[in-house]
Amino acid sequence: MSGFPRPIIVISKCLGFAACRYDGEMIPFPLGGSMRAYIDFIDVCPECEIGLGVPREPISIILGDKKRLIQPATGLDLTDKIEAFARSYLGNLDDFDGFILKSKSPSCGIGTSKVFPDYGTDEYLHQNENGFFAEAVLRDYPDLPVIDEKQIGNSLLRDHFLTRIFTMASFRETSSSTKMHALVEYHTKNKLLFMAYDKQIMNAMGNIVANKDDLPVEAVYEKYLSLLSQILSKPAETGNVVNALMHAFGYFSRNLSAMDKFLFMKKLQEYREDNSSVFELKKWFISKAEEFNADYLLMQTFFSPYPQELSGSLQIV
C-alpha cells in the first residue's frame, strides 16, 4: 500500500495557482497544497486563454434562443472563442486522469453556473448550468472524474474522486508495459476495491484478465479499461462496501477474540449509519492485517487507495 503513482489532474488556475479571477483575486484552495506532493497539476484559465485580461469585466451565461457567453459591460459575445478554445485545448491533452474545476464559474462551473435571460438584467434564472469549458469536459471525457473545489471539501466525495484518479493512474502506469502479468497483478491488488464497487463487474474484469479467448494483449487492456471506467463511475454503495469488508474479515476472524469480533460488528453498524466512519474502519483493518500477517489484505488497495495524507481525516479550511 505504498509507492503510489502520480495522477495528472487538470485544474482551474484560480484555485491556488494564479490571481486570474475577473476581480484579480486567487481562490484559496488549501487542499491543493497538500495534493501537490502526490499529484501533478496542469492549470488552466479558459477566460484568460481567450484573451480576457486580469482584472476584467465579468462574463455571464445567457439563455436566449441558444446558450451564449456574453460580457455584459461590453456586449462582447465570447461563445465561439471559448468553444473553439475548449475543443483545441482538450483535444491536445494527453495522459491525464481527471479535473478539478472552479464552482459557479461561467467557464468552469459543473452544474453550478448562474444563467441569465438577457445580459441587460441582474436577475438570474432559477436554474444552474455547466460553464462552457466544463460542458466540453463532460462531453469529451465522460469517463473521467470531474469535481469542483466545493465538492472536494466533502470527505466522501473526495474519497471517491481520489480513489478514481489514483486507481486510473495506476492502470495507466500498468498499461505502459503491455504485459499480461502486469495486468494480472493490477487486478489482484484491486480485487477488494472492485468488489466494494460492483462484484458483478469485478468478476467480468477477472474473466477479461483470464483471456480465455487468447486475445492480443492490447485488446485485453482495452476491454479491461472499458469496465474499469464503468466500475468506478459511481460511488461505492454501502451494501457493496459491507460485503467487501465481511470478505476481508474472513482472513483473520478466526484469530480474533469474542470482544474483537463484537467491536468489528459494532464498527460495521456505525458505518451503515454514517458512511464517513469508513476511514476509521479501514484503519482498524490495516492494524489487524498487520497484527496477523494477512499479506493478501495488506496488498489490497481497498484499504489505502491513495496516500493517507489526503484521506477523509484531512481538515479543509
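Now for a description of the structure that goes with this document. (Residues numbered from 1 in each chain as written. Predicted model: local features only at pLDDT ≥ 70, side-chain atom pairs only at ≥ 80, totals over all residues. Heavy atoms only, no water.)

As for the sheet that holds strand β1 (residues 8-12)
The strands that make up a sheet pair up through hydrogen bonds in the backbone, lying either parallel or antiparallel.
Right, on to step 1. The four strands lie next to each other as β2-β1-β6-β9, forming an open sheet whose pairing is parallel. In the strand order of this sheet, the two ends are held by β2 (40-44) and β9 (146-148), each with one partner. Taking each pair of neighbouring strands and ignoring which way they run, the sheet shows an average axis angle of 25°.
Right, on to step 2. Pairing geometry for strand β6 (residues 98-101) and β9, over three bridges, is parallel. Looking across to β9, one finds that I100 is bridged to I147. (Pairing = 2+ DSSP bridges. Helix = DSSP H or I, 4+ residues; strand = E, 2+ residues; numbered from the N terminus. Axes fitted to C-alpha atoms, helices over the stretch in contact; angles between N-to-C directions.)

Things to note about a nonpolar patch on the surface
Right, on to step 1. On the surface, M259, F262 and L263 cluster together to form a nonpolar patch covering roughly 310 Å² of accessible area.
Right, on to step 2. With a relative accessible area of 52%, M259 lands in the exposed category. (Patch = residues over 30% accessible without salt bridge, like charges linked within 9 Å, V, L, I, M, F, W, Y side chains within 5 Å. Areas by Shrake-Rupley, 256 points an atom, 1.4 Å probe, with all protein chains shown as cover. Salt bridge = Lys/Arg side-chain N within 4 Å of Asp/Glu carboxyl O. Buried < 20%, exposed > 50% of the residue type's maximum accessible area, 1.4 Å probe, protein only.)

Quick notes on the sheet that holds strand β4 (residues 67-71)
Right, on to step 1. Read from one edge of the open sheet, five strands run β5-β4-β3-β7-β8, paired in mixed fashion. In the strand order of this sheet, the two ends are held by β5 (76-77) and β8 (128-129), each with one partner.
Right, on to step 2. Contacts from helix α4 (residues 132-140) reach β3 (60-63), β4 and β8 within the one sheet, and its direction differs from that of β4 by about 145°. (Contact = heavy atoms within 4.5 Å.)

Focus on the packing of helix α6 (residues 180-189) against helix α9 (residues 217-231)
Right, on to step 1. Contact geometry for α6 and α9: axes closest at 10 Å, N-to-C directions at 20°. By the angle between their directions, the pair α6 and α9 is classed as roughly parallel. Viewed along their axes, α6 and α9 form a crossing whose handedness is left-handed. On α9, the residues that touch M180, A182, L183, Y186 and H187 of α6 are V217, V220, Y221, Y224 and L228.
Right, on to step 2. Taken together, the residues of the contact of α6 with α9 break down into nine nonpolar, one polar and no charged. (Parallel < 35°, antiparallel > 145°, perpendicular 65-115°, else oblique. Left-handed = near helix turned anticlockwise from the far one by under 90°. Nonpolar A, V, L, I, M, F, W, Y, C, P; charged D, E, K, R; others polar.)

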